[in-house]
Amino acid sequence: MQHSVPIYSIAKSYTAAAVLLTFHPQQYIGDRLAWLPAHLKSLSIEDLLSHRSGLNDYFVWPDYRAAVENAAEPWDAKDIIARAEVQNPGGFSYSNIGYLLLRLALEDFHQKPFFNVLDSLIFSPLGIKASPFDSLEDWEHCNHPAITEELRNYHPGWVYTGTFVATPDEAARGIALIMRNELGSALPEAMLKTHLVGAPQNHPMSPEAGYGLGLMTRGLPTVVVGHGGQGPGFNHFAAVSSDGSRWCGETSAQEGEDQDLIRRCVAAVIPR
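In short, a report on the structure. All figures in this text were calculated on a predicted structure; none of them were measured in a lab.

What follows concerns helix 11 (residues 259–269). Of the positions making up helix 11, those classed as buried are Leu261, Ile262, Cys265, Val266 and Val269. Projected onto a plane normal to the axis of helix 11, the buried residues spread over an arc of 125 degrees and lie on a single side. Lining the buried residues of helix 11 we find strand 6 (216–218), strand 7 (224–231), strand 8 (234–241) and strand 9 (247–252). Where helix 11 begins, the capping side chain belongs to aspartate 258, and its oxygen is found 3.1 Å from the backbone nitrogen of aspartate 260.

Okay, here's the thing in structure tokens:
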């Protein structure tokens, strides 16, 4: 039996799908968020989706990590954006700030909270069971036995990119349905526009590990897609065959990348 958990960055695949169903990837983010600082306005939506914009990442900031560890109240999103820097655009550099901008653009365009945007565009059309993860009360949607009272003090507002609650297998199933053209054939075609990321050859997503538009990819041509999700209390991975015929989502109650977890998920879906 799987348990419902905050799936953390697996939600990026859903954010990317919602963005591609709403905006043209060649648009500039400044066209959607006119109030952004000048040095961010010219970043393309495609580069934000593929982590090739050159943006830095708040996840590595010592004061961010200290605040999360101390169960502090989340900072205002605009305080994060004020510290955004663009360095070496064009190469792969994972950035949660980029997906924060995409989340804000979706919410502004649809005039709905993040979860409601995903629900109207993706969850409801595909029949995916998911719940919000926006407030401390939303821990009530989670039922994993490893969730402690201390963990329930972690405020979902620290996940500036947006996430939701689901079982990892259900999150993987949703990606599989997208790959099977259930939301149109143009969507998986766009999401599979991948670039190699230079992962070690012993990484479970190697050989030819890449990142498309909201999807981690394996192989050229791509044979496996998916995404990982790491955060307080949990580490998840969702893997899907590129044609959407097989999927696997698992979780472990530990923090930091669990390559054995990734390896099991990939092995469950890779063509034989």
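In this section: the side chain of aspartate 258. With respect to the helices, strands and loops of the structure, aspartate 258 is situated in the loop between strand 9 and helix 11. There is no salt bridge for the buried aspartate 258, and the closest opposite charge comes from arginine 264, which lies 5.2 Å off by N-O distance. Within the local environment of aspartate 258, its side chain forms a polar contact with the side chain of serine 252, the two groups lying 3.4 Å apart. Within the structure, aspartate 258 has its side chain in polar contact with the backbone nitrogen of aspartate 260 (distance 3.1 Å).

Turning our attention to the sheet that holds strand 1 (residues 5–6). Strand order in the open sheet formed by three strands is 1-3-2, and the pairing between neighbours is antiparallel. Edge positions in the open sheet fall to strand 1 and strand 2 (131–132), since each of these has one partner strand only. Taken together, the two bridges between strand 2 and strand 3 (residues 164–166) define a ladder with antiparallel strand orientation. Within the sheet, the bridge partner assigned to proline 132 lies in strand 3 and is phenylalanine 164.

This part is about the packing of helix 1 (residues 11–22) against helix 9 (residues 168–179). Packed helices, taken two at a time, are described by their axes: the angle between them and the distance between them. Taken N-terminus to C-terminus, the directions of helix 1 and helix 9 make an angle of 35 degrees; their axes are 10 Å apart at the nearest point. By crossing handedness, the relation of helix 1 to helix 9 is classed as left-handed. Listed contacts from helix 9 to Ser13, Tyr14 and Ala17 of helix 1 are Glu170, Ala171, Gly174, Ile175 and Ile178. Per-class residue counts for the contact of helix 1 with helix 9 are five nonpolar, two polar and one charged.

Let us look at the sheet that holds strand 9. One open sheet accounts for six strands, arranged 4-5-6-7-8-9; its pairing is antiparallel. On the outer flanks of this sheet lie strand 4 (195–196) and strand 9, each paired with one strand and no other. When strand 8 meets strand 9, the two strands line up antiparallel, connected through six bridges. Paired with histidine 236 across the bridge in strand 9 is threonine 251. Where helix 9 meets the sheet, its contacts fall on strand 7, strand 8 and strand 9, and the angle it forms with strand 9 comes to roughly 150 degrees.

Reading guide: rules and limits
- Residues numbered from 1 in each chain as written.
- Predicted model: local features only at pLDDT ≥ 70, side-chain atom pairs only at ≥ 80, totals over all residues.
- Heavy atoms only, no water.
- Buried < 20%, exposed > 50% of the residue type's maximum accessible area, 1.4 Å probe, protein only.
- Helix = DSSP H or I, 4+ residues; strand = E, 2+ residues; numbered from the N terminus.
- Arc of directions from axis to C-beta.
- Contact = heavy atoms within 4.5 Å.
- Polar contact = N/O pair within 3.5 Å; in protein donor to acceptor, adjacent residues only side chain to side chain.
- Lys, Arg positive; Asp, Glu negative; His and termini not counted.
- Salt bridge = Lys/Arg side-chain N within 4 Å of Asp/Glu carboxyl O.
- Pairing = 2+ DSSP bridges.
- Axes fitted to C-alpha atoms, helices over the stretch in contact; angles between N-to-C directions.
- Left-handed = near helix turned anticlockwise from the far one by under 90°.
- Nonpolar A, V, L, I, M, F, W, Y, C, P; charged D, E, K, R; others polar.

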